[in-house]
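Residue-level listing of the chains:
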Amino acid sequence: IFNQPTNDGSVLLWNWYRHESVDWAARAGLSLWKPGQDPTPIYSASGGGYVVISPTGGRLAFDRVGELGPNSSMRSLVVFDSQTGEEIEVISTNVPFQDGKAYWPVWDVSGTKLLYRTFDGESQPTTISVWEFASRTSRVILTDQEGFPEATLRAGGAVVWAVTTANRLLRQELSSG
């Protein structure tokens, strides 16, 4: 089990399997289990990153990493709608998947806004963006050269709290900026 149950009791199952040809690589399988149902396979790849389920259990967000080989640094932030089975690519970048460099997505309480980090040319998480499910659009809300190791949405998705690598705490209201 990957994380705590959601409001409806759903949980994510994230399984790692040894890859046959490369000793250090792994095959990943992500499934969603809802009470009273069998696990639903969602994603399988040569690698995967951080995954988060919305509090309602209706949506997942996860780093999708390219297959081993020439595209191994290509990665995407993907939203999976568990009600419709739709997969939505939020952003795609060519940032190596290593050293904890992840989008680190965070849902608001309704599962309609997704907060995530993006990277500069040096692979530092210098920007925080918010993606809206209804419009399927993103907008940058915070930028800082120090970088952001962590950020979260609070107050029903109206306020962003972010900490910089220099330990500055930033608060931003989404409606007023």
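Refer to the structure printed above.
About the criteria used
Each chain has its residues counted from 1, running along the sequence as written. Local features in this predicted model are restricted to residues of pLDDT 70 or higher, and side-chain atom pairs are both shown and tallied only at a pLDDT of 80 or more, whereas totals for entire chains, interfaces and linings draw on every residue. Water and hydrogen atoms play no part in the side-chain values, which are based on all heavy atoms of the structure. Should a side-chain nitrogen of Lys or Arg be within 4 Å of a carboxyl oxygen of Asp or Glu, the pair is scored as a salt bridge. We count a stretch as a helix when DSSP gives it H or I for four or more residues in a row; a strand needs E for two or more, and each element gets its number in order from the N terminus. The classification of residues rests on relative accessible area computed with a 1.4 Å probe and restricted to protein chains. Under 20% of the type maximum is buried, over 50% is exposed, and intermediate values are partly exposed. Here, strands pair whenever DSSP counts at least two bridges between them. Among the buried residues, those of types Ala, Val, Leu, Ile, Met, Phe, Trp, Tyr and Cys that are joined through side-chain atoms within 4.5 Å form a nonpolar core. A contact between two residues is defined here by any heavy atoms of the two lying within 4.5 Å. Only rings of Phe, Tyr and Trp enter the pairing, Trp through its six-membered ring, and a pair is recorded when the two centres are within 6.5 Å. The plane angle decides the type: under 30 degrees is stacked, over 60 is edge-to-face, the rest tilted. For a Lys NZ or an Arg CZ to count as sitting over a ring, it must be within 6 Å of the ring centre and within 35 degrees of the ring normal.

**Student:** Explain the pattern of salt bridges here, please?
**Tutor:** Oppositely charged side chains can pair when the atoms bearing their charge come close. Scanning the model with the defined rule gives 5 salt bridges in all. Two residues, Arg59 and Asp81, come together in a salt bridge whose shortest N-O distance is 3.9 Å. Taken together, the residues Arg59 in strand 5 (residues 59–65) and Asp81 in strand 6 (residues 74–81) connect sequence positions 22 residues apart. One exposure class covers both Arg59 and Asp81, and it is buried. When the shortest N-O distance is used, the salt bridge between Arg168 and Glu146 registers 3.1 Å. Here Glu146 lies in the loop between strand 11 (137–143) and strand 12 (150–154) and Arg168 lies in the loop between strand 13 (159–163) and strand 14 (169–173), a separation of 22 residues in the sequence. One salt-bridge network, held together by shared partners, links Asp144, Glu146 and Arg168.

**Student:** What is the right way to read the pairing of strand 11 from this model?
**Tutor:** The side chains of a regular strand alternate between the sheet's two faces. Pairing analysis gives 6 bridges linking strand 10 (residues 127–132) to strand 11, with the strands arranged antiparallel. Bridge assignment links Ile128 to a residue of strand 11, and that residue is Leu142.

**Student:** Looking at this structure, how should I read the pairing of strand 13?
**Tutor:** By the bridge criterion, 5 bridges tie strand 12 to strand 13 in an arrangement that is antiparallel. Across the sheet, the residue bridging to Arg154 is Val159, located in strand 13. In this structure, the hairpin formed by strand 12 and strand 13 is closed by a connection of 4 residues, where Ala155 is found at a positive phi of approximately 55°. The hairpin turn running from strand 13 into strand 14, its antiparallel successor, is 5 residues long, and Asn167 in that turn takes a positive phi close to 65°.

**Student:** What is the right way to read the nonpolar core from this model?
**Tutor:** One recurring pattern in soluble globular proteins: nonpolar side chains tend to sit buried together. Of all hydrophobic cores here, the largest spans 13 residues; its most connected members are Ala61, Leu77, Val79, Val90, Trp107, Leu114 and Trp131. Within the residue set of this core, elements represented by two or more residues are strand 6, strand 7 (87–94) and strand 9 (113–118). Apart from the residues within four sequence positions on either side, Leu114 is in contact with Ala61, Leu77, Val79, Val90, Pro105, Val106, Trp107, Ser129, Val130 and Trp131. Of all hydrophobic cores here, the second largest spans 12 residues; its members include Leu115, Val130, Ala151 and Ala162.

**Student:** Honestly, the packing of aromatic side chains in this entry has me stumped. Any pointers?
**Tutor:** The way to describe two aromatic rings as a pair is by their centre distance and the angle between their planes. Overall, the coordinates contain 2 aromatic pairs when judged by the stated rule. Look at Tyr103 and Tyr116: their rings are 6.3 Å apart centre to centre, the planes differ by 80°, and that puts the pair in the edge-to-face class. Of the two residues, Tyr103 is situated in the loop between strand 7 and strand 8 (106–107) and Tyr116 in strand 9; the sequence distance between them amounts to 13 residues. Neither Tyr103 nor Tyr116 differs from the other in exposure class; each is buried. Between Trp131 and Phe133 the ring centres are 6.0 Å apart and the planes differ by 75°, which places this aromatic pair in the edge-to-face class. Grouping residues by exposure puts Trp131 and Phe133 together as buried. The ring of Phe133 carries the charged tip of Arg59 above its face, separated from the ring centre by 3.4 Å.

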